[in-house]
Amino acid sequence: QVQLVESGGGLVQPGGSLTLSCTASGSILSINLMGWYRQAPGLPREPVASINSGGRTYYVDAVKGRFTISRDNAKNTVYLQMNSLKPEDTAVYYCYAEVVEIPSATVSGVWGQGTQVTVSA
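Counting of residues starts from 1 at the beginning of each chain's written sequence and follows it residue by residue. Local features in this predicted model are restricted to residues whose pLDDT is 70 or higher, and side-chain atom pairs enter the listing and the counts only when it is 80 or higher, whereas totals over whole chains, interfaces and linings include all residues. Where side-chain values are given, they derive from all heavy atoms of the structure, hydrogens and water being excluded.

A. A look at the side chain of Glu6. Where helices and strands are cited, they refer to DSSP runs of H or I of at least four residues and of E of at least two residues respectively, numbered from the N terminus. For Glu6, the location among the structural elements is in strand β1 (residues 2-7). Buried residues are those whose accessible area, probed at 1.4 Å on protein chains only, stays under 20% of the maximum for their type, while exposed residues exceed 50% and partly exposed ones sit between those limits. We count Lys and Arg on the positive side and Asp and Glu on the negative side, and we leave His and both chain ends out. Here, a salt bridge means any Lys or Arg side-chain nitrogen found within 4 Å of an Asp or Glu carboxyl oxygen. Arg45 provides the closest opposite charge to the buried, salt-bridge-free Glu6, at an N-O distance of 7.7 Å. Within polar-contact distance, the side chain of Glu6 engages the backbone nitrogen of Cys95 at 2.5 Å. With residues up to four places along the chain from it excluded, the contact list for Glu6 reads Ser21, Cys22, Trp36, Tyr93, Tyr94, Cys95, Gly112, Gln113, Gly114 and Thr115. Whenever a nitrogen or oxygen atom comes within 3.5 Å of another N or O atom, the pair is scored as a polar contact, on the condition that within protein one atom can donate a hydrogen and the other can accept it, and that pairs from neighbouring residues in sequence are kept only if both atoms are in side chains. Contacts are assigned to residue pairs with any non-hydrogen atoms lying within 4.5 Å of each other.

B. The environment of Met34, seen in detail. With respect to the helices, strands and loops of the structure, Met34 is situated in strand β4 (residues 28-39). Separated by 36 residues in sequence, Met34 and Ser70 have C-alpha atoms that sit 9.2 Å apart. Non-local contacts of Met34, meaning those with residues more than four positions away in its chain, are made with Cys22, Ser50, Ile51, Ile69, Arg71, Asn76, Thr77, Val78, Tyr96 and Ala97.

C. Up close: the state of the cysteines. Cysteine sulfur atoms are paired as a disulfide whenever they fall within 2.5 Å. All told, the structure shown has one disulfide when counted by the stated rule. A sulfur-sulfur distance of 2.1 Å marks the disulfide that ties Cys22 to Cys95. Residues Cys22 and Cys95 are joined by a disulfide whose S-S torsion is about -85°; by sign, that bridge is left-handed. Of the two residues, Cys22 is situated in strand β3 (residues 18-26) and Cys95 in strand β9 (residues 91-101); the sequence distance between them amounts to 73 residues. Across this residue pair, the class does not change: Cys22 and Cys95 are buried.

Pasting the structure below:
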């Protein structure tokens, strides 16, 4: 069993910054991919950013130049530094990890519970 626990959401003014964190725990052999999705009210969940075990990153166009994803493999933790936040960034942010589990070496997709980010004056 693997769990993801997120933290760092909250209310911020436009132009402000927040950092989200997500830590994986449980029966983990390794983690291939870690990333963040978001879901605004009435809209489907969409990918925001991801990082693989080698450090290669992906960003959706809407956040390029403003958000930075990073990971600490020793801590099984992924971070999302969000700068120059806009009201349209308001959403529930979900952490995602592609985990290789002990002892079966099964690859599983695991989701966090979500953390609210609200950008408003």
